[in-house]
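Structural overview
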Amino acid sequence: MYVEIVFPLPFRKAFTYLVPKELEKHAKVGVRAVAPFGKRTLTGFIINKHKTSSLREEIKPITDIIDEQPIVDKDGFKFYEWLADYYLCSFGEALKLAVPYGSEVESKRKIVSDQKASAHLLLKEKNRSSTRGKILKVLSEREEISLHQLQKIVKKKNIYSILRTLQEHGVVTLLDTLQQAKVKAKTVNYVKLNKTVGEVYSIFPEIERRSPKQIKLLLELVNAKGKGLPVAELLHKTSSSKSSLDSLAAKGVVKLYEQEIDRRYVEHYKEEQTKFALSEKQIEVIDEVSKSIGDESFRTYLLHGVTGSGKTQVYIELTKKAIDQKKTILILVPEISLTPQITSRFFNVFGDEVTVIHSRMSPGERYDSWRRISKGKSNVVIGARSALFAPLKNIGLIVIDEEHDASYKQADMIPKYNARDSAIMLGSIVNCPVLLGSATPSIESMYNAKTGKFKLLELPERIDNAKLPVITLVDVNRERKKQRMENIFSKVLLDKIESRLRKSEAVIILQNRRGFSTQIYCTDCGEVELCDNCSVPMVFHINKNIIECHYCGLIKDVPGACTHCGSIQIKYFGTGTERVEDELEFYFPSVKMSRIDSDSITKKSALSRLLLSFGAGEIDILVGTQMVSKGLDFSRVTLVGVISAETTLWLPDFRADERTFQLLTQVSGRAGRSKNPGEVIIQTLNEKHFALQMVVNSNYKGFYEKEILDREKMGFPPFTRIALIEAKDQSNEKAKGAITGFHSELKKFSKWLKISSPTPAIISRLKGQYRYQILIKSSKETDPGGKIIRKAILDSYVEFNRKSRYKDVRMSYDVDPQSVI
């Protein structure tokens, strides 16, 4: 038997292997196999089986099969093939998404060094800053290092020839070690009685005489009524030693055994389950989508419901209907660690039917969640974008909450998929309805609804007769002239905060920048303190007394003087959440407040605990970044203040206006979600800006109509499909040379595509790498499915790799990027 295997590598072909006789019955299409690949051992997916092979050369055998049952079925293969084709990656790279991180087997190359010999050669080395010099320096200091670590330290991938030469001279030994899966099922030692209760009681007198400590253990086990107990728990509870248990096991009184346990992620945020009377509009939406669940037919619905209109309750009711039909349900949310409220509401209704998948879970918890879903023990899966690849069978409904959110796009790893668009494709493959929900739908989704591709459903009013908040713009320039500004706060906002606090109501303050000051500026030489690795300013963090780069994570001490000219005339500009919190503490010293940003909620469940305190009235003011705009539903909140509306407005990105409108509308929606009316104060330097005027009037329709005309005029989505090509390298010259070479190959397609000239990226240097970009636009009229744009990129890449001397420069392509920065 022969099998075709694809690996998570950038090769667009499958490799043929022989299946040893003893593995033949386990070799099924859709399982993972361990096989030699070059000098390595890797885990890949079996995508085909054959009785014969036409290959002439020797065919290597696979060494193991990991899975008992196929992970990916026929529909799954179809979905991952589409994903690979659309987002320009290999089939193996797409299939890697189907399994939890750390469950694969692979070989790692280890280097063992003779430190003395390395140090001796380093002394003889003329150029110590050369790659060879750097390698020898590392090897003289460390006896053992992995190949990956060494490549990282010397900042070069291709170091094999140098290592081979050193091995020939006996300076190093290269070892290939097979690394087993990083995560596996967790087992715990258990103990239970091995005799009847009557038999145990009959030996009590003898045990009490010889070893009275064992009686405590036996009494606990008798109380367990035949059930097993975890050994560690039992020993702790009875203050006994393991030897007492071992001697009982030796006498045959108890039985020790191992039992697999389920690592479950526990959501600390909990709220009381409340009975809701559905509104007429909610019932209409539920009835409409239920038809498609009943018919098992694919249809995409866009639910445009204002903030507080009860979208979550609609999702819960539809989930009940799908479960009644013995179907499974997939609920995607932008960042689950930021939305514990929606999770807790689903747990309240569906209990253990719900499984959560997101990045804040430990690898073990994620692995057990995946296995639980795979075995059909969970019908409802809630998670961030990676939950899209959960092994659900028989899907009856897919929901994408806050469908406009940019975090549905994977921007860092390959494939750079958009979970919203991919979920719609998955729905069309498995024949189930897909429901997109948002108070501020993306321009593309609303356009699809207006042109009939999606069905538009609306919830125009808040539930329980709650009214939308009154929004006021405060012109910071005018207030400053009237001397009505207190540092970063306008008097208007401070007065409003004070009046709400007097009534024991809660306040949310948004400033979408972390840190204290966002730049450090020298008034003598005019230089700004920049990151050593990126072309961005360092941010001052007052709590830790450091400056930090928010892109690469570089941390430095706060400079006492300008690092360029030595002057002590340095000033701190810009406002982050730490400064907002600091100033509020000055104006309201007795008020309890907390900050929500990615610096303050690093610990697991920190956000859940914080929100519990906020809901219980233990915290009065919540200061935060865009995290406070997502999914928070607290009836106590009656005032939202925005320190600066401009943080996203002035970005050089075609989606800047849309992002600003969405962020401000979403954060405004946190106010007045009950009987108490809400109010929003937005401080701005630009009060006449169209997007801000639309926020004030809660006018999504007006915003959409102007934005769609601008997009058509400028040739941006939804009228075109765009792709961003990027070259990055530590050498500016190489990155520039590579992007120029790629551009000359792309120009052959300029008859069908609009191709920009190569330009430095807006953040031209990131993590020590220079970045150059090309933006490609393809009209949806002439290229509706995007075949031309994908062919242009792939063909150009092949030619570029064949001809260019810069082929070691890292090229990446992003289809449908969310940002062009």
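Refer to the structure printed above.
So, a few notes on the structure that sits alongside this text. Keep in mind that this is a model prediction, so the values were computed, not measured.

1. Things to note about the pairing of strand β12 (residues 300-305)
Most of β12 is tucked away, with six of its six residues classed as buried. By the alternation rule, side chains of β12 split into Thr300, Leu302 and His304 and Tyr301, Leu303 and Gly305, which are all buried. With five bridges connecting them, β12 and strand β17 (residues 434-438) associate as parallel partners. The residue of β17 that forms the bridge with Leu303 is Gly437. In terms of strand pairing, β12 meets strand β18 (residues 455-459) through five bridges, oriented parallel. Pairing of Leu302 across the sheet is with Leu456, part of β18.

2. Notes on the pattern of salt bridges
Under the defined criterion, the tally for this structure stands at 40 salt bridges. Residue Glu296 pairs with Lys327 through a salt bridge whose shortest N-O separation is 3.1 Å. One end of the pair, Glu296, is in the loop between α12 (280-295) and β12; the other, Lys327, is in the loop between α13 (311-324) and β13 (328-332), with 31 residues separating them in the sequence. Among the ionic pairs, Glu505 bridges to Arg500, the shortest N-O distance being 3.2 Å. Owing to a relative accessible area of 12%, Glu505 belongs among the buried residues under this scheme. Assessed through its relative accessible area of 10%, Arg500 is described here as buried.

3. Examining the sheet that holds β13
Taken in spatial order, the seven strands of this open sheet run β14-β15-β13-β16-β17-β12-β18, and their pairing is parallel. Strands with a single pairing partner mark the edges of an open sheet, and in this sheet they are β14 (354-357) and β18. Looking at each pair of strands side by side, their axes are set apart by 20° on average, direction ignored. Against the sheet, helix α14 (residues 340-350) makes contact with β13, β14, β15 (380-383) and β16 (395-401), and its axis sits at roughly 160° relative to β14, the strand it touches most. Across the face of the sheet, helix α15 (residues 363-374) comes into contact with β14 and β15 while running at roughly 140° to β14.

4. Re the packing of aromatic side chains
Taken as a whole, this structure holds 33 aromatic pairs when the rule is applied. Between Trp82 and Tyr86 the ring centres are 5.3 Å apart and the planes differ by 15°, which places this aromatic pair in the stacked class. Of this pair, Trp82 and Tyr86 both sit in helix α1 (residues 74-86), four residues apart, which is roughly one turn of that helix. When its relative accessible area of 9% is taken as the criterion, Tyr86 is described as buried. Judged by centre distance (5.7 Å) and plane angle (75°), the rings of Phe516 and Phe540 are edge-to-face. In this pair, Phe516 is assigned in the loop between β22 (506-510) and β23 (519-522) and Phe540 in strand β24 (residues 539-541), connecting sequence segments 24 residues apart. Phe540 sits in the buried class, given a relative accessible area of 9%. Taken together, the ring pairs in this structure connect Phe79, Tyr80, Trp82, Tyr86, Tyr87, Phe389 and Tyr417 into an aromatic cluster. The ring of Tyr257 is capped by Lys192, whose NZ or CZ atom sits 5.6 Å from the centre of that ring.

5. Some thoughts on the sheet that holds strand β9 (residues 186-193)
Spatially, the three strands line up as an open sheet ordered β10-β9-β11, and their pairing is antiparallel. At either margin of the open sheet sits one strand with a lone partner, and together these are β10 (229-230) and β11 (254-261). Two strands pair when backbone bridges link them, and β9 and β10 are joined in this way by two bridges, in the antiparallel orientation. Bridged to Val191 within β10 is Leu229. Here helix α11 (residues 242-250) sits on the sheet in contact with β9 and β11, set at roughly 115° to β11.

The rules behind these values
- Every chain is numbered independently, its residues counted from 1 as its sequence is written.
- For this predicted model, a pLDDT threshold of at least 70 governs which residues receive local features, and a threshold of 80 or more governs which side-chain atom pairs are given and counted, while totals over whole chains, interfaces and linings are taken from all residues.
- Each side-chain value is derived from all of the structure's non-hydrogen atoms; neither hydrogens nor water enter the calculation.
- Buried, partly exposed and exposed residues are distinguished by accessible area as a fraction of the type maximum, computed with a 1.4 Å probe on protein chains only: under 20%, between the cut-offs, and over 50%, respectively.
- Under the DSSP-based scheme used, a helix requires at least four consecutive residues in state H or I and a strand at least two consecutive residues in state E, with every element numbered from the N terminus.
- In this analysis, strands are considered paired if DSSP registers two or more bridges between them.
- A pairing counts as a salt bridge when a side-chain nitrogen of Lys or Arg comes within 4 Å of a carboxyl oxygen of Asp or Glu.
- Lines fitted to the C-alpha atoms define the axes, with helices restricted to the stretch that makes contact. Angles between their N-to-C directions range from 0 to 180 degrees.
- The criterion used for residue contact is that any of the two residues' heavy atoms lie within 4.5 Å.
- Two rings belonging to Phe, Tyr or Trp (six-membered ring only in the last case) form a pair when the distance between their centres is within 6.5 Å. Interplanar angles under 30 degrees mark stacking, angles over 60 mark edge-to-face geometry, and anything in between is tilted.
- Placement of a charge over a ring requires the Lys NZ or Arg CZ to be within 6 Å of the ring centre, with the centre-to-atom vector within 35 degrees of the ring normal.

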